[in-house]
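Report on the structure
Here is what each chain is made of, one letter per residue.
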Amino acid sequence: MTSLTVSGRVAQVLGSYVSDVFGVMGNGNAYFLDAAEQLGLRFSPVRHEGAAIAAADAYYRASGRLAAGTTTYGPGYTNALTALAEAVQAQIPVVLVTGDAPTSGARPWDVDQAAIAAGLGAATFTVSRDAAGAVTRQAVEYALTRRTAVVLAIPYDLAALEAGDENLPAPSVSQVTHDGGTDLGQVARLLAGARRPLILAGRGAHLAGAGVELRELADRLGALTAGTALALNLLNGEGYLGVAGGFGTDTAAGLMGEADVVLVAGASLSPFTLRFGHLLGPDATVIQIDTALQPTNPRVDLFVSADVKAAAGRLLQLLDRPSAGGAWRAEARRRLAEGPAHHPGCEVAGDGRLDPRALATALDAVLPGRRTVVQDGGHFIGWAPMYWNIPRPQDLVMVGTAFQSIGLGLASAVGAARALDDGRTLVLASGDGGFLMGLADLESLIGAARSAIVVIYNDAAYGAEIHQYGSQGLTEKPMLIPEVDFSGVARALGAESAVIRSLADLSALQDWIDAGARGTFVADCRITSTVRAPWLSEWMAASQAAKAAVAG
């Protein structure tokens, strides 16, 4: 290898895995960013260090390609912790390249960054002069194989020193091909004997590329299909019921509850997916296929640790003759056609502000069909998966749900916008509270996006808290936010914008789309806080039942 600094060696090896880096320059990463620039890595600046990892995280979710975030040491590093925790909890591979204390010892302003990362569940890999490349490769491979976030630390006194010679082999490409062995024979027998089979796919099935095999398996069985919110439309086709959990319709949930054998492919079966224990019937046999080493929910009756794509392919070999499941699908078609869909709402609520359900329906008709949706956390989070067409699983990037955070939406939109290279429009859905938390990176999004639409569900409040705690009689003063003119802020930063007080006001957005949808448009939608989302009602009821059980 030619002579490189430690930072240069890190950038060189990292460049064999990533093309994009997001972050803020500081003392601890200046040499790394200089080397990355010289090597041709694309750097997208963000305005708050918390956006560095959030952007890299969303880049992966939208494209399946690894990206890196970078910050300086100390305060730059600690600013990124919420996004780092979200990536760990959501099992997103991402690399945080950061400065660290010098090898000679901590300075008065240094903190124990490795200990902090360990507390979040993230491993830290600290480079040395003699093994900067090897440690970098180890960190990246760890992130990819474990599906997690890692910290790659460059001690401050080594950053600009010449790196030692290393002979690094080419990166290995690991593939999971384990199909679960003889356990799949029992799975096949259970599925073959099912009268009302259901296949429920999750993000693991999407990441494994198992959509084709699972759809073919469903057709062979005559099974109904559904997906978690992170696998929307992966199994779309004959017998598809839509999303499982609180974002789905009651009619679809009723059909899922009647399934006698449920094949769960790459889904963790979170409480939200299972409607807090009410989604599946008590007598249903639940089979889970996942790369995890053990079942992720006590509801699972039979568990197979396997790659979902390989396992589905093997099941197709074992189930070589179609089953008689036509009646089950015909029954589902009839009931879905006759049953109620999501509540349409009314245009204006009693307080004169927009009903978010009617707004979401109207937006679905206006937004470009080729869309990738990024969602911040908050009360509004269900409106997109409930009312908008989400073309592909990777077109719904839900951030904050794993760590129960808000404020990562704008930063995530930057990463997703950079990942889109096929002419799709990036659509960010955010609440006013989360948007204010990440406001600095509205400028980052405007600079990064070819075509982006920001929808702010502006209820002048922290809506989830209004419903959860205001409804109990707690004071609402800390839950309220003064009405912010986001449209004015957006225009000041260079975006097109409009305040949306009626559905007719969406004509401004339509005109912008008709003119080519270039740049960024911010729709400041003034919605009511009086409409409670069904998923939140479900969660509140489950919480109250759990408290009552403990009290009893």
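It should be emphasised that the depicted structure is a prediction, and the values quoted were computed from it without experimental measurement. (Residues numbered from 1 in each chain as written. Predicted model: local features only at pLDDT ≥ 70, side-chain atom pairs only at ≥ 80, totals over all residues. Heavy atoms only, no water.)

**Overview of unusual backbone geometry**
Applied cut-off: Each helix is a run of H or I in the DSSP string that is no shorter than four residues. Each strand is a run of E no shorter than two, and both are numbered from the N terminus. Whether a residue is buried, partly exposed or exposed follows from its accessible area with a 1.4 Å probe, protein chains only, as a fraction of its type maximum: under 20%, in between, or over 50%, in that order.
For alanine 460, which is not glycine, the phi torsion reads 55° and is therefore positive. Structurally, alanine 460 can be placed in the loop between β16 (451-458) and α19 (463-468). Classification of alanine 460 by relative accessible area gives buried; the value is 16%. If you check the backbone angles, alanine 517 has positive phi at about 55° while not being a glycine. Mapped onto the fold, alanine 517 is located in the loop between α21 (507-514) and β18 (519-526).

**Some words on the sheet that holds β18**
Threshold: Strands qualify as paired when DSSP identifies two bridges or more between them. Helix axes are fitted only over the stretch in contact, all axes being lines through C-alpha atoms; the angle between N-to-C directions runs from 0 to 180 degrees.
Strands sit in the order β14-β13-β15-β16-β18-β17 across an open sheet of six strands; the sheet is parallel. The strands lining the two open edges of the sheet, one partner per strand, are β14 (396-398) and β17 (496-500). When the angles between neighbouring strand axes are averaged without regard to direction, this sheet yields 15°.

**Concerning the packing of aromatic side chains**
Applied cut-off: Any two of the Phe, Tyr and Trp rings considered here, Trp counted by its six-membered ring, make a pair once their centres fall within 6.5 Å; the pair's planes then place it as stacked at under 30 degrees, edge-to-face at over 60, or tilted in between. Geometrically, a charge over a ring is one whose NZ (Lys) or CZ (Arg) sits within 6 Å of the ring centre while staying within 35 degrees of the ring normal.
For the structure on display, the rule yields eight aromatic pairs. Between phenylalanine 272 and phenylalanine 276, the aromatic rings sit 5.3 Å apart at their centres with planes inclined by 70°, giving edge-to-face as the arrangement. What makes phenylalanine 276 partly exposed here is its relative accessible area of 22%. Taking NZ or CZ as reference, arginine 107 lies 4.4 Å from the ring centre of tyrosine 73, over its face.

**Observations concerning the domain arrangement of the protein**
So the rule is basically this: An automatic or database domain assignment supplies the residue ranges for each domain. Contacts are assigned to residue pairs with any non-hydrogen atoms lying within 4.5 Å of each other. What counts as buried area is the accessible surface, traced by a 1.4 Å probe, that two parts surrender upon association, with contributions from both included.
According to the domain assignment, the protein contains domain 1 (6-155), domain 2 (184-338) and domain 3 (356-538). Computed over C-alpha atoms, the centres of domain 1 and domain 3 are 28 Å apart. The interface is formed by 23 residues belonging to domain 1 together with 22 residues belonging to domain 3. Carbon and sulfur atoms supply 63% of the area buried between domain 1 and domain 3, which totals about 1800 Å² over both sides.

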